[in-house]
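If you want the building blocks of each chain, they are given just below.
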Amino acid sequence: MCSRVITHCNRCAILFIVDCSLSMKNLTRYSNTEMTKMEAATIIVNHFIDELLARATRLSNVRNYYDIGVIGYSGCEATSLLPDNNRILIDITRLSEYQPQPKAVYLNNRYPDGTTKRVSFNLHPWIEPTASGASPMYDAMVLAKTVLKEWCNDPRNNTSYPPLIFHITDSLCSDADIHDLNAILDEITDIGIHNDKTILFNVYLATLGEGDMKEEIYPREYTFATGDRDREFMYNISSSFPRELESHVSQFFEPDNEGPYRTVAFNMSPISMLSIINIGTQSHKR
């Protein structure tokens, strides 16, 4: 069940899928800061991997809690963005051996009085993609399906946590229609271990000045309505939030905003997901 703890005995496959197409050069607003969608996606993934590594580390020892992969798609292909590009999923202990030197990231912090201040923090640049070409989202999902199906069928993962996918995009797809894309996404979210299915978490980045820039996470099912076709599409293809974890997500909402919810974020990072999932070690303070 999704309520159990991720450990070296109950491991997890965590796969990031990143849109690297030309449209990701467009500006968005992320963390009160104007930047390209590609820059925002890069910050989200690098921050997430840093946090996952911190949660798997105790007394300088990295525990083998998960296999991590990053698929980028652009032009006419989908490929790994991690240093060891001979494989998609890399166990966290091996990935830690490739840890690059940290780089400063600058964002605007907004305070309760409405003022903002530019602050910096360090992230390890696990990925540094560029945006170009078309958006072969379907091919990326086919690759993800193959990788996760193989992982779930491996007897060594027989007691593992269900796979988690974090897909970051502006929802444009160049290699399939909605029907075909929905079909492959249904196949992906049907992959699992025993009765636990893959969770697909979508992160939608709106274009600055052309869409709803409101930040939102875990919208409720059956109540999401908008005139933005792309936002509605991203909502509809996202997984239902696991019912056994719903009590933990109430921290993000008003008291009367009850589930069920969807695993989708608009113009913000899904890093809060890690405060809900039980992982064997506590996060290091930045």
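Residues numbered from 1 in each chain as written. Predicted model: local features only at pLDDT ≥ 70, side-chain atom pairs only at ≥ 80, totals over all residues. Heavy atoms only, no water.

Focus: the state of the cysteines
Stage number 1. Evaluation of the coordinates by the stated rule reveals zero disulfides.
Stage number 2. Cys-20 takes part in no disulfide bond, and the closest cysteine sulfur, belonging to Cys-76, lies 14 Å away. (Disulfide = S-S within 2.5 Å.)

Examining the side chain of Lys-37
Stage number 1. The residue Lys-37 is located in helix H1 (residues 37-55) in this model.
Stage number 2. On the basis of relative accessible area, Lys-37 is assigned to the buried category, the value being 2%.
Stage number 3. At 3.1 Å, the side chain of Lys-37 and the side chain of Asp-170 are in polar contact.
Stage number 4. Within the local environment of Lys-37, its side chain forms a polar contact with the side chain of Thr-207, the two groups lying 2.6 Å apart.
Stage number 5. In contact with Lys-37, other than residues within four places in its own chain, are Ser-23, Met-24, Asn-26, Leu-27, Thr-28, Asp-170, Leu-205, Ala-206 and Thr-207. (Helix = DSSP H or I, 4+ residues; strand = E, 2+ residues; numbered from the N terminus. Buried < 20%, exposed > 50% of the residue type's maximum accessible area, 1.4 Å probe, protein only. Polar contact = N/O pair within 3.5 Å; in protein donor to acceptor, adjacent residues only side chain to side chain. Contact = heavy atoms within 4.5 Å.)

What about the pairing of strand S2 (residues 27-30)?
Stage number 1. Taking every second residue as pointing to the same face, the buried face of S2 carries Thr-28 and Tyr-30, while none of Leu-27 and Arg-29 on the other face is buried.
Stage number 2. As judged from the four bridges shared by S2 and strand S3 (residues 33-36), these two strands associate in the antiparallel manner. Within the sheet, the bridge partner assigned to Leu-27 lies in S3 and is Thr-36.
Stage number 3. Here S2 folds back onto S3, and the loop between the two strands holds two residues, one of which, Ser-31, carries a positive phi near 50°. (Pairing = 2+ DSSP bridges.)

Here's the deal with the confidence of the model for the protein chain
Stage number 1. Of all residues in the protein chain, 91% have pLDDT values of 70 or greater, and the mean over the chain is 88.
Stage number 2. Segment residues 281-286: pLDDT under 50, and 16 contacts once partners within four positions in sequence are set aside and those in other chains are kept. (pLDDT = per-residue confidence, 0-100.)

Some words on unusual backbone geometry
Stage number 1. If you check the backbone angles, Ser-60 has positive phi at about 70° while not being a glycine.
Stage number 2. Within the secondary structure, Ser-60 is located in the loop between strand S4 (57-58) and strand S5 (61-62).
Stage number 3. Despite not being glycine, His-194 shows a phi value in the positive range, around 60°.
Stage number 4. Looking at the secondary structure, you find His-194 in the loop between strand S12 (192-193) and strand S13 (196-197).
Stage number 5. Given the relative accessible area of 56%, His-194 is considered exposed.

Looking at the packing of aromatic side chains
Stage number 1. The final tally for this structure, using the stated rule, is nine aromatic pairs.
Stage number 2. Ring geometry for Phe-16 versus Phe-48: centroids 5.2 Å apart, planes at 70°, classification edge-to-face. Remark: Phe-48 occurs in helix H1 and Phe-16 occurs in strand S1 (residues 12-19); sequence separation between them is 32 residues.
Stage number 3. Considering the side-chain rings of Phe-241 and Tyr-261, the 6.4 Å spacing of their centres and the 85° angle between planes classify their relative orientation as edge-to-face. With a gap of 20 residues between them, Phe-241 in the loop between helix H5 (229-236) and helix H6 (246-249) and Tyr-261 in the loop between H6 and strand S16 (264-266) connect regions that are remote in the sequence.
Stage number 4. Here Phe-241 falls in the buried class, since its relative accessible area comes to 2%.
Stage number 5. Three or more aromatic residues link up through ring pairs in this structure, and these residues are Phe-16, Phe-48, Phe-166, Phe-201, Tyr-218, Phe-241 and Tyr-261. (Phe/Tyr/Trp six-rings, centres within 6.5 Å; stacked < 30°, edge-to-face > 60°.)

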